[in-house]
Amino acid sequence: MGLRPAFLEPVLMPDALPRIPTDVTAQTLRSLEQCGDPRLLEIVSALVKHLHAFVREVRLTPDEWMTGIDFLTRTGQKCDAIRQEFILLSDVLGVSMTVDDVAHAEVPPNATESSALGPFYTDDAPEIEQGGTIARSGKGESVLVRGRVLDVRGEPIAGALVETWETDGEGLYDTQYANRVEPDYRGQLRTNAEGAFSFVAVKPVSYSIPTDGPAGEMLRATRRGTMRPAHLHLKVGAAGYRPLATSIYSAGDPFLFRDAVFGAKSSLVEEYRPAGEGAATHWILERDFVLADA
Ligand SMILES: [Fe+2]
């Protein structure tokens, strides 16, 4: 039969070389396969899938991508030790309250609802005595705030830490003043043996969130309002209970239904009542807080 002629041997053609894959979403997901942390893998994988789907859905152009990069860069550059533009951006995009919804999905219905922490919380609030004031410069109408911290069975929680902060009567947080030298319109105290607390503040006013950064730029571009309904922020915590970050909103405020950060909830709306002749403050606000078990 003889030898097989050379021209009948198969020739390796260029298109038989291994091809570099171009399915970028699948490649990105495969690149994460060595991640040893299951939760990190879940989060980053979902982030990649949603980001890629977003780009394809809106057919994001290179110029628009660069605009987004610039926007996020400037958002970061706007942040410093007391200015948190990223939290503000998360707030106005409804992300913060969505995180809050997810985190509190399992909380018993009689526990106090949570609300936006917001970008103005600081950890340097001074300790005050029961009945002491958080409004050291006194700009606004004074209000006595009092109530109790309870568990879901109605039992008082002694020694709970109550932190509170608000704007002054002009609608500005202390951190928005360039000459801030010490905390003001913020304070922290512990509940007594009956679970009770009281402090003096100023009656909250509705205010505009800061509009001098990228978050404000986005609100203007999308023709959105920048106002928040009047509210007093509180964080309440005690060992063995789920920490609570919430706010008390003022009844009748015109911005309750168009809060720029979507934080207002019906169960958190309260009336301020006049304290009456001869009282030490103009107003009284009474409100209890119920913590869920940890
Ligand atoms: Fe606020």
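Here the structure is a predicted model, which means the values were calculated and not measured.

Caption draft 1: Region of interest: the overall build of the chain. When helices and strands are tallied, the chain shows 6 helices and 12 strands. Taking the principal axes of its C-alpha atoms as reference, the chain extends roughly 120 × 45 × 35 Å. For the chain, contacts bridging at least 24 residues in sequence account for 72% of all contacts bridging at least 6. When the accessible surface of the chain is summed, it comes to about 17200 Å², and 58% of that surface belongs to carbon and sulfur atoms. Of note, the chain has its 29 positive side-chain charges centred 5 Å away from the centre of its 42 negative side-chain charges.

Caption draft 2: The arrangement of a nonpolar patch on the surface in detail. A grouping of L47, L51, F54, V55 and V58 is seen on the molecular surface, where their side chains present a nonpolar patch of about 420 Å² in accessible area. Its place among the elements puts F54 in helix α2 (residues 38-58).

Caption draft 3: Just the pattern of salt bridges, in detail. A full pass over the atoms with the stated rule returns 21 salt bridges. Residue E286 pairs with R146 through a salt bridge whose shortest N-O separation is 2.9 Å. Residue E286 is located in strand β11 (residues 283-286), and its partner R146 is located in strand β1 (residues 142-151); the two are separated by 140 residues in the primary sequence. For E286, a relative accessible area of 40% translates into the label partly exposed. Residues R148 and D288 are paired through a salt bridge, measuring 3.5 Å at the closest nitrogen-oxygen approach. Separated by 140 residues along the polypeptide, R148 in strand β1 and D288 in the loop between β11 and β12 (289-291) bring together distant segments of the chain.

Caption draft 4: Spotlight on the coordination of the iron ion. The coordination sphere of the iron ion contains the protein donors Y173 (OH), Y207 (OH), H231 (NE2) and H233 (NE2), at a distance range of 1.9 to 2.1 Å. Around the iron ion sit 4 donor atoms, and with donor-metal-donor angles ranging over 89 to 167° the site reads as irregular. When the donor residues of the iron ion are listed from N- to C-terminus, their spacing reads Y-x33-Y-x23-H-x1-H. On the criterion of sequence distance, the pair formed by Y173 in the loop between β2 (161-165) and β3 (186-190) and H231 in strand β7 (residues 231-237) is long-range, its members being 58 residues apart. Residue classification places Y173 among the buried positions, given a relative accessible area of 0%. By relative accessible area, H231 is classed as buried at 1%.

Analysis parameters
- Residues numbered from 1 in each chain as written.
- Predicted model: local features only at pLDDT ≥ 70, side-chain atom pairs only at ≥ 80, totals over all residues.
- Heavy atoms only, no water.
- Helix = DSSP H or I, 4+ residues; strand = E, 2+ residues; numbered from the N terminus.
- Contact = heavy atoms within 4.5 Å.
- Areas by Shrake-Rupley, 256 points an atom, 1.4 Å probe, with all protein chains shown as cover.
- Lys, Arg positive; Asp, Glu negative; His and termini not counted.
- Charge placed at Lys NZ, Arg CZ, Asp CG, Glu CD.
- Patch = residues over 30% accessible without salt bridge, like charges linked within 9 Å, V, L, I, M, F, W, Y side chains within 5 Å.
- Salt bridge = Lys/Arg side-chain N within 4 Å of Asp/Glu carboxyl O.
- Buried < 20%, exposed > 50% of the residue type's maximum accessible area, 1.4 Å probe, protein only.
- Donors = N, O, S within 2.8 Å, 3.2 Å for Na, K, Ca; no water.
- Tetrahedral: all angles 85-135°; square planar, octahedral: opposite > 155°, others 65-115°.

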